[in-house]
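Residue strings, one per chain:
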Amino acid sequence: MVSVLWAGGRLRDPREPVLSGADAGFATGLGVFETCAVAAGRAFALTRHLDRLAASLRALDLPPVDEGEVRDAVAAVLAAGGADVGRVRVTVSPGAPGAAAPSLVVTAGPAPLRGPAHVVRVPWVRNERSPLAGHKSTSYAADVLALAAAQRAGGNEAVLANTRGELCEGTGSNVFVERDGALLTPPLSSGCLPGVTRALALEWAAEAGLPVAEARSGELPWEVLDDVRRGGASLALSGSLRGFVGVHALDGAAVATGPLTAAVAELFRARAGADPDP
């Protein structure tokens, strides 16, 4: 639910139309977005999110946005939203044909309510060769449908393979697998998003001397989830609104959280709490 909206250089009523029907972001889904968690009135890791936004705009051949304007807009919605704001989203699309500047919309609202992470495998795959792979595109319908399928099965996140049969990612999260005393996440070559939380977990774990790393290509086949179901491995999720959490259920069956996963989750909470823009 959106409680505060900024577009066209100012705060607006969230019910007010702000985009042209000819905007390619609306007409074709050509656009990108970033979502940040909000704590104590600050958007967490905003600089990293804006860096990724700029990279995605370049990769999709979309016009850049002024970072200063985005920061001002984020500050405006956070100030207007008050204590109930738990997330902020920045969305950029090309604008209507002939527009002098891209469309920039910034919204803020409550964080979604989630219980313990319950993951469901879905039959669709992430195409690691897609031009959208690794970017938070507004062409998000496939993820919406995958998450809806997981929710019908009693879960709150769907997890996908890529076209090579490798574990890839969730619809809104990166995945980590703990086994044999190490915690591994699929490499970016798998087609997964270069998640901000994923990157911080890797960096902070390395600084703490914890065995957390990117897997080698092919090291995490889709079948590793069978090991999780049997208790030979455990699963974790990372994402801007989830943070870093262990998975408690897979396809409706309870699964255990590993000790390394628990240690990284605690490390992430401590480091994130100490620095709102790492």
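None of the values given here were measured: they were computed from a predicted structure. (Residues numbered from 1 in each chain as written. Predicted model: local features only at pLDDT ≥ 70, side-chain atom pairs only at ≥ 80, totals over all residues. Heavy atoms only, no water.)

Enquirer: I'd like a rundown of the packing of aromatic side chains, residues and numbers included.
Expert: Applying the stated rule across the entire model yields 4 aromatic pairs. Taken together, a centroid distance of 5.6 Å and an interplanar angle of 90° make the contact between phenylalanine 33 and tyrosine 140 edge-to-face. Placement of phenylalanine 33 in strand β3 (residues 32-39) and of tyrosine 140 in the loop between β7 (117-126) and α4 (141-152) is noted, with a sequence separation of 107 residues between them. Given a relative accessible area of 28%, tyrosine 140 falls into the partly exposed group. Taking 6.3 Å as the distance between ring centres and 70° as the angle between the ring planes, the aromatic pair formed by phenylalanine 44 and phenylalanine 268 counts as edge-to-face. Taken together, the positions of phenylalanine 44 in the loop between β4 (42-43) and α2 (46-59) and phenylalanine 268 in helix α7 (residues 259-274) put the pair 224 residues apart, joining distant regions of the chain. (Phe/Tyr/Trp six-rings, centres within 6.5 Å; stacked < 30°, edge-to-face > 60°. Helix = DSSP H or I, 4+ residues; strand = E, 2+ residues; numbered from the N terminus. Buried < 20%, exposed > 50% of the residue type's maximum accessible area, 1.4 Å probe, protein only.)

Enquirer: Break down the packing of helix α5 (residues 196-207) against α7 for me, citing the residues and quoting the values.
Expert: At their nearest, the axes of α5 and α7 sit 10 Å apart, and the two run at 100° to each other. In terms of their interaxial angle, α5 and α7 are classed as roughly perpendicular. Counting all contacts with α5, which are made through Thr197, Leu200, Ala201, Trp204, Ala205 and Glu207, the residues of α7 involved are Val264, Leu267, Phe268, Arg271 and Ala272. Grouping the constituent residues of the contact of α5 with α7 by class yields 8 nonpolar, 1 polar and 2 charged. (Axes fitted to C-alpha atoms, helices over the stretch in contact; angles between N-to-C directions. Parallel < 35°, antiparallel > 145°, perpendicular 65-115°, else oblique. Contact = heavy atoms within 4.5 Å. Nonpolar A, V, L, I, M, F, W, Y, C, P; charged D, E, K, R; others polar.)

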